[in-house]
Protein chains: 2
Amino acid sequence: MRIITISREFSSGGRELGKRLADELGFDYYDSEIITAIAKNSGLNKNYIEETLDGHGWKNFPISYRSTIGSSTYLDSNKVHLLLEQKKVIEEIGKLGNDCVIVGRNADIILGEYNPLNIFVCANMNAKIKRFMRYTQDGEQLCEKELIRKIKLIDKNRIKTREILTNSPWGQPEAYHLTVNTSDWTIKELAPSIANFANLFFGREK
Amino acid sequence: MRIITISREFSSGGRELGKRLADELGFDYYDSEIITAIAKNSGLNKNYIEETLDGHGWKNFPISYRSTIGSSTYLDSNKVHLLLEQKKVIEEIGKLGNDCVIVGRNADIILGEYNPLNIFVCANMNAKIKRFMRYTQDGEQLCEKELIRKIKLIDKNRIKTREILTNSPWGQPEAYHLTVNTSDWTIKELAPSIANFANLFFGREK
């Protein structure tokens, strides 16, 4: 079984890279399926789960609840519960034994026993702003300063979420096999070379 | 002209990767040639130049001169002079216009105008210790703690050297196109996939 995990800075193109890699390699791709499974197991609304876990929803992103409390040790109990549910779902995906790509959700740690190829995707702030403006309507209503603040906040949220599950740092190159900066080219141009990298990685001597 | 620059943590295999990439791609490879040119231009001894610029010589590595002075603003004037000589040599290489690979020496910054592919090579500490033990005799005389301290010191030296020339941070993924962690495979296995990445990078739309 070959697993690729993609961790990524918000708006760096990690999700698109994950999808394209899965297409190129013929691997399963897991993303919203994970939220659907958590919803089924827990009886909770998908939107609520996504919002609580990822803070992805732009308009409703709960930026204040940490900064007002201001403590890195504060843990939202609903979030911790859902993180453990998500962990179970990802462990089940591992047990299925299919080649797959999983974007985010600390799958690199949760599926570590299967020796996944772990990729981190980043970009410089200008590129992330451009990407965000291209793919959403909401960004247009925000000034650049506000946009930068929100992009940084989502990544801070990911760092905090990772800390609930592992000591392995988020975004540090030593924690991944490959860290890709998408600023200077499109994901479409980039994906075939990462697919080639993956093929060589999985084919190497062990 | 296609230029690949390799920045790297000490003992991560960056130099070997640079050589192998140059071989795979048929590019020129610049390393000791740069020191030879500085020696010719300045009339100074090659060993002295290398030692002053890189602190590579293991036994004679001047670990104390910074830590005793303890100031990040302290700059050795010989070192600054040689850094500028080195910069000139690298600029001359750029003007030659040949496809090439340059390892270290802040070539990513010095040759920035030519839009090089900038790669950073890292590895976890265990892998760096193993690599060091494999390639030198000196490591055997040092306990692991001492070895770790020295490996970290060489990288600290590189960070300080970079600060003399640029604000661009050393080792931060946003400053490079690709950051490769060599811990889990050999450079020989890795090189073809990076060569493929380079071909796609240089062939992309601009």
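Everything discussed here concerns the structure shown above.
Read on for a plain summary of the structure. Quantities reported herein were computed from a predicted structural model and do not represent experimental measurements. (Residues numbered from 1 in each chain as written. Chains lettered and ligands numbered in written order. Predicted model: local features only at pLDDT ≥ 70, side-chain atom pairs only at ≥ 80, totals over all residues. Heavy atoms only, no water.)

**Here's the deal with the sheet that holds strand 2 (residues 28-30) of chain B**
Pairing within the open sheet is mixed, and its 10 strands lie in the order 2(A)-3(A)-1(A)-4(A)-5(A)-5(B)-4(B)-1(B)-3(B)-2(B). Looking along the sheet, the strands with just one partner apiece sit at the ends: strand 2 (28-30) of chain A together with strand 2 of chain B. Each adjacent strand pair in this sheet contributes to an overall mean axis angle of 20°, direction not counted. Its contacts with the sheet place helix 1 (residues 14-25) of chain B against strand 1 (3-8), strand 2, strand 3 (100-103) and strand 4 (117-122) of chain B, and it is angled at close to 165° to strand 1 of chain B. (Pairing = 2+ DSSP bridges. Helix = DSSP H or I, 4+ residues; strand = E, 2+ residues; numbered from the N terminus. Axes fitted to C-alpha atoms, helices over the stretch in contact; angles between N-to-C directions. Contact = heavy atoms within 4.5 Å.)

**Here we look at the packing of helix 2 (residues 32-42) of chain A against helix 3 (residues 46-54) of chain A**
Residues and elements named next belong to chain A. Contact geometry of helix 2 with helix 3 gives a least axis separation of 9 Å together with a crossing angle of 115°. Crossing handedness for the pair helix 2 and helix 3: right-handed. Where helix 2 abuts helix 3, its residues I35, T36, I38, A39 and S42 lie against K46, I49, E50 and L53. Partitioned by chemical class, the residues of the contact of helix 2 with helix 3 number 5 nonpolar, 2 polar and 2 charged. (Left-handed = near helix turned anticlockwise from the far one by under 90°. Nonpolar A, V, L, I, M, F, W, Y, C, P; charged D, E, K, R; others polar.)

**Here we look at the pattern of salt bridges**
Two side chains bearing opposite charge may form a pair once their charged atoms approach each other closely. Residue and element names in this part refer to chain A. By the definition in use, this model includes 24 salt bridges over all chains. A salt bridge links K128 to E9; the shortest N-O distance between them is 2.6 Å. With K128 in helix 7 (residues 125-135) and E9 in the loop between strand 1 (3-8) and helix 1 (14-25), the pair connects residues that are 119 residues apart, well separated along the chain. Just as K128 is buried, E9 falls in that class too. (Salt bridge = Lys/Arg side-chain N within 4 Å of Asp/Glu carboxyl O. Buried < 20%, exposed > 50% of the residue type's maximum accessible area, 1.4 Å probe, protein only.)

**What to know about the interface of chain A and chain B**
Counting residues at the interface gives 26 residues for chain A and 26 residues for chain B. Buried surface at the junction of chain A and chain B, summed over both partners, amounts to about 2,200 Å²; 58% is from carbon and sulfur atoms. For the pair chain A and chain B, the interface holds 0 salt bridges. Listing elements by their share of the side of chain A that touches chain B, those giving two or more residues are strand 5 (178-181) and helix 9 (187-203) of chain A. Tallied by class, residues from the side of chain A that touches chain B come to 13 nonpolar, 7 polar and 6 charged. For strand 5 of chain A and strand 5 (residues 178-181) of chain B, the ladder comprises 3 bridges, and the chain directions are antiparallel. Following the sheet pairing, A:T179 is matched in strand 5 of chain B by B:T179. (Buried area = accessible area lost by both parts, 1.4 Å probe.)

**A closer look at the environment of A:Y29**
Residue and element names in this part refer to chain A. Mapped onto the fold, Y29 is located in strand 2. Through-space distance from the C-alpha of Y29 to that of I187 is 16 Å; in sequence the pair is 158 residues apart. Every residue in contact with Y29, bar those within four places of it in the chain, is listed here: R15, G18, K19, A22, V101 and V103. Among the polar contacts listed, one links the side chain of Y29 to the side chain of D31, at a separation of 3.3 Å. (Polar contact = N/O pair within 3.5 Å; in protein donor to acceptor, adjacent residues only side chain to side chain.)

**With respect to the pairing of strand 5 of chain B**
Residue and element names in this part refer to chain B. Residues L178 and V180 point to one face of strand 5 and T179 and N181 to the other, with burial holding for every one of them. In the sheet, strand 4 pairs with strand 5 via 4 bridges, with the strands oriented parallel. Paired with C122 across the two strands is N181, which belongs to strand 5.

**Topic: the environment of B:K79**
By secondary structure assignment, the location of B:K79 is in helix 5 (residues 77-96). On the accessibility criterion, B:K79 (1% relative accessible area) is buried.

**Digging into the nonpolar core**
Counting residues in each nonpolar core, the largest one holds 50 residues, and the members touching the most others are A:I4, A:I119, B:I4 and B:I119. Once you skip the residues sitting within four places of it in the chain, B:I4 turns out to touch B:L21, B:L25, B:F27, B:C100, B:V101, B:I102, B:L117, B:I119, B:A198 and B:F202. (Core = buried A, V, L, I, M, F, W, Y, C linked by side-chain atoms within 4.5 Å.)

**Details of the pairing of strand 3 (residues 100-103) of chain A**
If a strand is regular, its side chains alternate between the two faces of the sheet. Residues and elements named next belong to chain A. Of the two faces of strand 3, the one lined by C100 and I102 and the one lined by V101 and V103 are each fully buried. Two strands pair when backbone bridges link them, and strand 1 and strand 3 are joined in this way by 4 bridges, in the parallel orientation. In the sheet register, I6 faces strand 3, and the bridge partner there is V103. When strand 2 meets strand 3, the two strands line up parallel, connected through 3 bridges. Its bridge partner lying in strand 3, Y30 is registered against I102.

**Let's talk about the environment of B:R105**
Residue and element names in this part refer to chain B. Among the secondary structure elements, R105 is positioned in the loop between strand 3 and helix 6 (107-110). The exposure class assigned to R105 is buried, which follows from its relative accessible area of 9%. Residues R105 and F10 lie 95 residues apart in sequence; the distance between their C-alpha atoms is 13 Å. Contacts of R105, omitting those with residues within four sequence positions, involve R15, D31, I34, I35, D54, Q86, I90 and I110. Within the local environment of R105, its side chain forms a polar contact with the side chain of Q86, the two groups lying 3.1 Å apart.

**Quick look at the relation of the copies chain A and chain B**
Expressed as a screw transformation, the operator carrying chain A onto chain B has a rotation angle of 180° and an axial translation of 0.0 Å, and the superposed copies differ by an RMSD of 0.0 Å. Overall, the copies show the geometry of a two-fold rotation axis. Nearest to the rotation axis, the C-alpha of A:T179 is located 2.4 Å from it, this being the minimum over chain A. Of the residues that chain A buries at the interface, 100% are likewise interface residues in chain B, meaning the two copies contact each other through the same surface. (Least-squares fit on C-alpha atoms with pLDDT ≥ 70 in both.)

**Topic: helix 5 (residues 77-96) of chain A**
Residues and elements named next belong to chain A. In this model, helix 5 (20 residues) spans 29 Å end to end at C-alpha, consistent with the 28 Å of a helix rising 1.5 Å per residue. For helix 5, the set of buried residues is K79, L82, L83, E85, Q86, V89, I90, I93 and G94. Positioned one or two residues after helix 5, G97 has a phi angle of 85°, which is positive. (Expected span 1.5 Å × (residues − 1).)

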